[in-house]
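# Examining the three-dimensional arrangement
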Amino acid sequence: MKRLSLQWRITLMTVLLIGITCVAMNLLLCSSGVYYMDTIADSLQGGTVILNDGGAASFDPQLIAPNEELTIVVDGVQGRFRTTNWYITTAVTLLSGILAYFVSGRALKPLRSFTSQVEQVQLNNLADMRIDEDAISEFRQLSRSFNQMLERLNNAFSAQRQFTGNAAHELRTPLALMQAQLELFSAEHPDVRPETAEFLTLLREQTERLIQLTRTLLEMSNLRQVERNERIQLAPMIEEIFTDLAPLSDKLGVTLTAEGDGIMTGSDALIYRLIFNLTENAVKYNRPGGSVRVSVTQELEKLLLRVSDTGCGIPEVYQRSIFQPFFRVDKSRSREYGGAGLGLSLVWEIADLHGGSVWVEKSSEKGTTIAVGLPTQQSTKP
């Protein structure tokens, strides 16, 4: 019963109610009809009238002489009366159930409209999305409460983005100063002890990691202010990304290949970052001597970007979590390459900002393919 839709629940309850009512009426009518048939038979004395399947004979009691006998023989009429009543009961119940299904569907139309509006709510349109409050009285308060919840969520996300941007902006200057001081100290003291040199190297690495983290947080907080009206051809961009990643891929012995091309409208810098992050991850977490293939498929209103590697794969339990901020499947390898767990989160944000989506298409011990679907044209709505 819990798996049935509300429309089917209303229909079944209506059928049950009408069925019980019809059965009760049928029993009452049958008992009443049989009672009056027996009363008629007892009240008429003398003569013979046979009511059978061949047809009922009619008579006029005034034409019968007082001394003539009148006998009424009722042959199967009571049984046929009961059977007919049950047929009528069944037909009325079924017809009522069919009518109840369509009438309940009509009555639940506002609920379906409410559901369709709720399904359109996304993280990037909380400020513009409002549920129609001019609905029937049962949904008016629900719509008003839902709109208030959307407003609170939008305010909370805005405050979170503002805090992240402010914190990243404030951290950027002292971190840059720390990095400069460390470089200057290392240049002025080349003959330090091995322990001190190792300590300085660790400080520089961690400072660079914090600078990269701050830069990424600042980018994520400013994503929605970036214009998305540039014409982008992906094949030249992918070749440029391969050139930038050549030192890393050569170091790990990973081969980079590209296939296909596509044209879309969006932010050149953000789409570059999206493809760069996916490709860089595929190179970092690959097997030595492996390969990475970036393919683009152009369709009528969207394009599909796939980044495939020959790494060890992503466990199924983590395939939805990898796009969450600061999530890392292999924390030891992420630290080895300076990762902070924001690369794929930034990819998800950029894809969502462009009206697209990103997902793990397939993953196994032979490798992983991450797919990104992007519309070729951007909506005019901010």
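Relevant structure appears above.
Let me sum up the structure you'll find in this document. (Residues numbered from 1 in each chain as written. Predicted model: local features only at pLDDT ≥ 70, side-chain atom pairs only at ≥ 80, totals over all residues. Heavy atoms only, no water.)

## As for the overall build of the protein chain
Secondary structure summary: the protein chain contains nine helices and 10 strands in total. Taking all 382 residues of the protein chain together, 33% fall into the buried category. The contacts of the protein chain with a sequence gap of at least 6 include a subset with a gap of at least 24, amounting to 69%. Entry remark: accessible area of the protein chain is about 24100 Å², with carbon and sulfur atoms responsible for 58%. (Helix = DSSP H or I, 4+ residues; strand = E, 2+ residues; numbered from the N terminus. Buried < 20%, exposed > 50% of the residue type's maximum accessible area, 1.4 Å probe, protein only. Contact = heavy atoms within 4.5 Å. Areas by Shrake-Rupley, 256 points an atom, 1.4 Å probe, with all protein chains shown as cover.)

## Remarks on a nonpolar patch on the surface
Together, Val-23, Leu-27 and Trp-86 give the surface a local cluster of nonpolar side chains, amounting to about 260 Å² of exposed area. Within the secondary structure, Val-23 sits in helix H1 (residues 6-43). (Patch = residues over 30% accessible without salt bridge, like charges linked within 9 Å, V, L, I, M, F, W, Y side chains within 5 Å. Salt bridge = Lys/Arg side-chain N within 4 Å of Asp/Glu carboxyl O.)

## Overview of helix H7 (residues 268-284)
With 17 residues, H7 should cover 24 Å at 1.5 Å per step; its first-to-last C-alpha distance of 24 Å lies within 8% of that length. For H7, the tally of buried residues reaches 13 of 17 residues, placing the bulk of the element in the interior. (Expected span 1.5 Å × (residues − 1).)

## Considerations on the packing of aromatic side chains
A ring pair, where both rings are aromatic, is described by two values, the distance of the centres and the angle of the planes. A complete count under the given rule lists one aromatic pair for this structure. Centroid distance Tyr-272 to Phe-276: 6.0 Å. Interplanar angle 20°. Geometry classified as stacked. Separated by four residues within a single helix, Tyr-272 and Phe-276 lie in helix H7, roughly one turn from each other. For the pair Tyr-272 and Phe-276, one class covers both residues: buried. (Phe/Tyr/Trp six-rings, centres within 6.5 Å; stacked < 30°, edge-to-face > 60°.)

## Side note on the nonpolar core
Formed by 41 residues in total, the largest nonpolar core has its most connected members in Leu-234, Ile-271, Leu-274 and Ile-275. For this core, the secondary-structure elements that each account for two or more residues are helix H6 (234-252), H7, strand S7 (291-298), strand S8 (302-309), helix H9 (343-353), strand S9 (357-364) and strand S10 (367-375). A total of nine residues in this core trace back to one element, the largest contributor, which is H7. In contact with Leu-234, other than residues within four places in its own chain, are Asp-261, Gly-262, Ile-271, Ile-275, Val-296 and Leu-303. Counting residues in hydrophobic clusters, the runner-up holds six residues, among them Phe-114, Val-121, Met-129 and Leu-150. (Core = buried A, V, L, I, M, F, W, Y, C linked by side-chain atoms within 4.5 Å.)

## Let's talk about the packing of H7 against H9
Direction vectors running N to C along H7 and H9 enclose 145°, while the axes themselves pass 9 Å from each other. The crossing of H7 and H9 is left-handed. In this structure, H7 contributes Leu-270, Ile-271, Arg-273, Leu-274, Asn-277, Leu-278 and Asn-281 to the contact, and H9 contributes Gly-343, Leu-344, Leu-346, Val-347, Ile-350, Ala-351 and Leu-353. The residue makeup of the contact of H7 with H9, split by class, is 10 nonpolar, three polar and one charged. (Axes fitted to C-alpha atoms, helices over the stretch in contact; angles between N-to-C directions. Left-handed = near helix turned anticlockwise from the far one by under 90°. Nonpolar A, V, L, I, M, F, W, Y, C, P; charged D, E, K, R; others polar.)

## Quick look at the pattern of salt bridges
When the charged atoms of two side chains lie near each other, side chains of opposite charge can form a pair. Inspection of every chain in the model, using the stated rule, returns three salt bridges. Ionic pairing is found between Lys-284 and Glu-280, a salt bridge with its closest N-O pair at 3.6 Å. With Lys-284 and Glu-280 both in helix H7, this residue pair falls four residues apart, about one helical turn. Residue class for Lys-284 comes out buried when judged on its relative accessible area of 11%. Classification of Glu-280 as buried rests on a relative accessible area of 19%. A salt bridge links Arg-306 to Glu-361, with the shortest nitrogen-to-oxygen separation between them at 2.8 Å. Separated by 55 residues along the polypeptide, Arg-306 in strand S8 and Glu-361 in strand S9 bring together distant segments of the chain. The class of Arg-306 is partly exposed, set by a relative accessible area of 24%. Note on Glu-361: relative accessible area 33%, which makes it partly exposed.

## Section: the sheet that holds S9
Strand order in the open sheet made by the five strands is S5-S7-S8-S10-S9, with mixed pairing throughout. Both outer strands of the open sheet, strand S5 (255-259) and S9, are each paired with one neighbouring strand and no more. Strand after strand, the sheet turns through a mean of 15° between neighbouring axes, direction not considered. Inspection of the sheet shows S9 paired to S10 by seven bridges, in the antiparallel sense. The residue of S10 that forms the bridge with Lys-362 is Thr-369. Along the sheet, H6 makes contact with S5, S7 and S8, crossing S5 at roughly 175°. Packed on one face of the sheet, H7 meets S5, S7, S8 and S10 and runs near 25° to S8. (Pairing = 2+ DSSP bridges.)

## Re the environment of Leu-150
By the secondary structure assignment, Leu-150 is in helix H4 (residues 137-188). When the C-alpha atoms of Leu-150 and Val-121 are compared, they prove to be 8.8 Å apart, with 29 residues separating the residues in sequence.

## Brief notes about the side chain of Thr-369
With respect to the helices and strands, Thr-369 occurs in strand S10. With near-sequence residues (within four places) excluded, Thr-369 lies in contact with Arg-306, Val-307, Ser-308, Trp-359, Val-360, Glu-361 and Lys-362.

## Here's the deal with the environment of Thr-368
Relative to the helices and strands, Thr-368 is located in strand S10. For the pair Thr-368 and Val-307, spaced 61 residues apart in sequence, the C-alpha to C-alpha distance is 8.1 Å. When sequence neighbours within four positions are dropped, the list of residues in contact with Thr-368 reads Val-307, Ser-308, Asp-309, Gly-313, Ile-314, Val-360, Lys-362 and Ser-363. In this structure the side chain of Thr-368 is engaged in a polar contact, spanning 2.9 Å, whose partner is the side chain of Ser-363. (Polar contact = N/O pair within 3.5 Å; in protein donor to acceptor, adjacent residues only side chain to side chain.)

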